[in-house]
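The chain contents come next:
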Amino acid sequence: WFQKADKNKDGRMNFKEVQRLLKMMNVDMNEDHALRLFQAADKSESGTLEGEEFVLFYKALTQREEVLSLFQEFSEDGKKLTLLELVDFLQQEQLEDEGTEELAMELIDKYEPSETARARHVLSADGFLMYLCRHRALWQDMSQPLCHYFISSSHNTYLIEDQIRGQSSIEGYIRALKRGCRCLEVDCWDGPNGEPMVYHGHTFTSKIPFREVVSTLEKYAFKTSDYPVILSLENHCSMEQQEVLAQQLKDILGEQLLTTTIDGHIPTQLPSPEELKHKIRLKGKKIGRLEDTLDGPADEAPDVSDDDNGAEAEEERRRAKVGGPGWGTQCSPALQKDKESLAQTLSDCVIYCKNVSFRGFQEARSHSRPSEISSLAEAKARKLIRDTGNEFVRHNAWQLTRIYPSGMRTDSSNYNPQEMWNVGCQLVALNFQTAGTEMDLCDGLFSQNGRCGYVLKPPFMRDEETLFNPSDPSSREGPGPVTLTIQVISGQQLPKVANSKDGAVIDPLVRVEIHGVPTDQAHQETKYIENNGFNPHWDETLQFQLHVPELALVRFVVEDYDKTSRNDFVGQFTLAFANIKPGYRHIHLLSKDGTSIPPSSLFVHI
């Protein structure tokens, strides 16, 4: 490799060239750590490395003592794992029990860099390390009704900052879709020249034309996932501009827009994500019932829900009074009355997601349909969870529920989504633009199932007669509690803390948090290691009891210990307990905003 990259054949390479070479070799590195090792390997202090020095540098950067000793435990000659030795490792440590020989062959083919070793069906120490760094993708059954899935959902998707003065941008939609989001929100108001605009009403947020939002949706909706997108429409437009909304949706989205049920019949249950692949569904108010759309127009007045259009708008009006002059002045009473009416063409675009007011679980059971949906503010949802947890779980087994943040969260902060998932709420809408634990949990839950934005709920949450209540774990049918033991072994090339002084080295500690039903909420941490972000070793064991493992998320957080002030965040990774495999694993850390920071990782034994 060194000779290949030594362009001018003088047998030396400077740091820039070495960085380029490592990229060619597909070796990730953190620049600070690499520079420090480069200087240590440059024994002649010439600012360049010669062949031998480069080999030293490469070994220092990539060698992992703890992985090597594990490798040697199973390798008779300490240089390679034969097929049978690899099978032993997979069975004893990784607890793989079926088809281990085929799996071992597959792993050698996939991860062994040396062709000769591959031909001999053996795994070198390099190949072993690459295998231990791999990611797994699992696929779930996608043929169940939509209400049986958690669905990645965003609130006020057009905002990329706060809710009052923040900027509205198409970028908000692109970012959310790329992150796997499947339910987007759009607030529409009358704009100039008959063009509806998208922004947060009664505030100073900037505006974007509705047409641009729909064009962005058409272009990006199915780049990350093939499964259906829900467009949650908050409609504040006059009749004329509602007609424009409907026309733009049809013209721009064409075939992608769902305008009738999948078989032309009235559904007795919701269709599945599989049946609605590559479709965009509108969620909003509707005149009359679904059969009227299929049979021809009705003369019934729209069921104007107290949902987003009501409750969220009401909260905005209350805030508008607090907001001082110039707030909330854009709606005269006459216009407000006009806006309560709904254009038939827009109503006809709403098929499987008709907004209805929530008037209690009994009322919903006797009068509501699977194709209807209620939206609840976080506080109302919390009260229902407290008072009638089991009924809430049952309700969510046959109908969709959307939860949205309190209007008081003007800074775009987020509520804890876990307690909403604990009762099976499918559309738990978060402010995707705000980094923090809540979005980490959201990314963690939806990192499973190929990041397609849909995650199948556990069986006891898909049964309309279920006895499950998250506040009483014994109500879950199934085996008793599970013990999760995590040995935190080491860290690799952890990044420096943002805005830290030059030459500052971190004192890292690891905290493992369990997010799940109330009894399972817990966290434990390791001690901190002084001045070592390159290869800290903790070798500490943490243990947790999980009563409802199916709902648990495990969050690994690395912090820089500070005895005088709050610890600084270094990186984190969250994953569903269901997705954790026993054995030796690498946890690849993410930065505060959820992007990866290769090659930073934790090495753990589970």
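So, how was this worked out
Residues numbered from 1 in each chain as written. Predicted model: local features only at pLDDT ≥ 70, side-chain atom pairs only at ≥ 80, totals over all residues. Heavy atoms only, no water. UniProt positions renumbered as here; feature names shortened; annotations may be inferred. Helix = DSSP H or I, 4+ residues; strand = E, 2+ residues; numbered from the N terminus. Rg over C-alpha atoms; globule rule 2.2 N^0.38 Å. Buried < 20%, exposed > 50% of the residue type's maximum accessible area, 1.4 Å probe, protein only. Contact = heavy atoms within 4.5 Å. Lys, Arg positive; Asp, Glu negative; His and termini not counted. Charge placed at Lys NZ, Arg CZ, Asp CG, Glu CD. Pairing = 2+ DSSP bridges. Axes fitted to C-alpha atoms, helices over the stretch in contact; angles between N-to-C directions. Left-handed = near helix turned anticlockwise from the far one by under 90°. Nonpolar A, V, L, I, M, F, W, Y, C, P; charged D, E, K, R; others polar.

As recorded by an unreviewed UniProt entry, the protein chain carries the name Phosphoinositide phospholipase C and is attributed to Mesitornis unicolor. In its Catalytic activity (unreviewed entry) section, the UniProt record describing the protein chain reads: "a 1,2-diacyl-sn-glycero-3-phospho-(1D-myo-inositol-4,5-bisphosphate) + H2O = 1D-myo-inositol 1,4,5-trisphosphate + a 1,2-diacyl-sn-glycerol + H(+)".

Attention now moves to the overall build of the protein chain. Within the protein chain one finds 20 helices and 23 strands. Since a compact globule built from 606 residues should have a radius of gyration of about 25 Å, the 28 Å found for the protein chain is in line with a globular shape. On the principal axes, the C-alpha backbone points of the protein chain span a range of 85 × 55 × 50 Å. Taken over 606 residues, the protein chain has a buried fraction of 55%. Across the protein chain, every contact between residues at least 6 apart in sequence was considered, and the portion connecting residues at least 24 apart equals 71%. In the protein chain, which carries 66 positive and 93 negative side-chain charges, the distance between the mean positions of the two groups comes to 3 Å.

Counting buried positions along strand E6 (residues 183-189) yields 7 of 7 residues, so the element is predominantly enclosed. Of the two faces of E6, the one holding Cys-183, Glu-185, Asp-187 and Trp-189 and the one holding Leu-184, Val-186 and Cys-188 are both buried throughout. Where E6 lies against strand E9 (residues 229-235), 6 bridges are found, and the strand directions are parallel. If you follow Cys-183 over to E9, its bridge partner there is Ile-230.

Where helix H3 (residues 31-41) contacts helix H4 (residues 51-62), the two axes come as close as 9 Å, and the packing angle between them is 140°. Here the hand of the crossing between H3 and H4 comes out right-handed. Judged by residue contacts, Ala-34, Leu-37, Phe-38 and Ala-41 of H3 engage Glu-53, Phe-57, Ala-60 and Leu-61 from H4. Tallied by class, the residues present in the contact of H3 with H4 amount to 7 nonpolar, no polar and 1 charged.

Attention now goes to the UniProt feature "active site" (unreviewed entry) in the protein chain. According to UniProt, the "active site" (unreviewed entry) feature falls on His-155 and His-200. Sequence-wise these annotated residues cover 46 residues; spatially they are packed, their C-alpha atoms never more than 11.2 Å apart. Inspection of the secondary structure puts His-155 in the loop between strand E5 (149-154) and helix H10 (170-178). With respect to the helices and strands, the residue His-200 is situated in the loop between strand E7 (197-198) and strand E8 (208-209).

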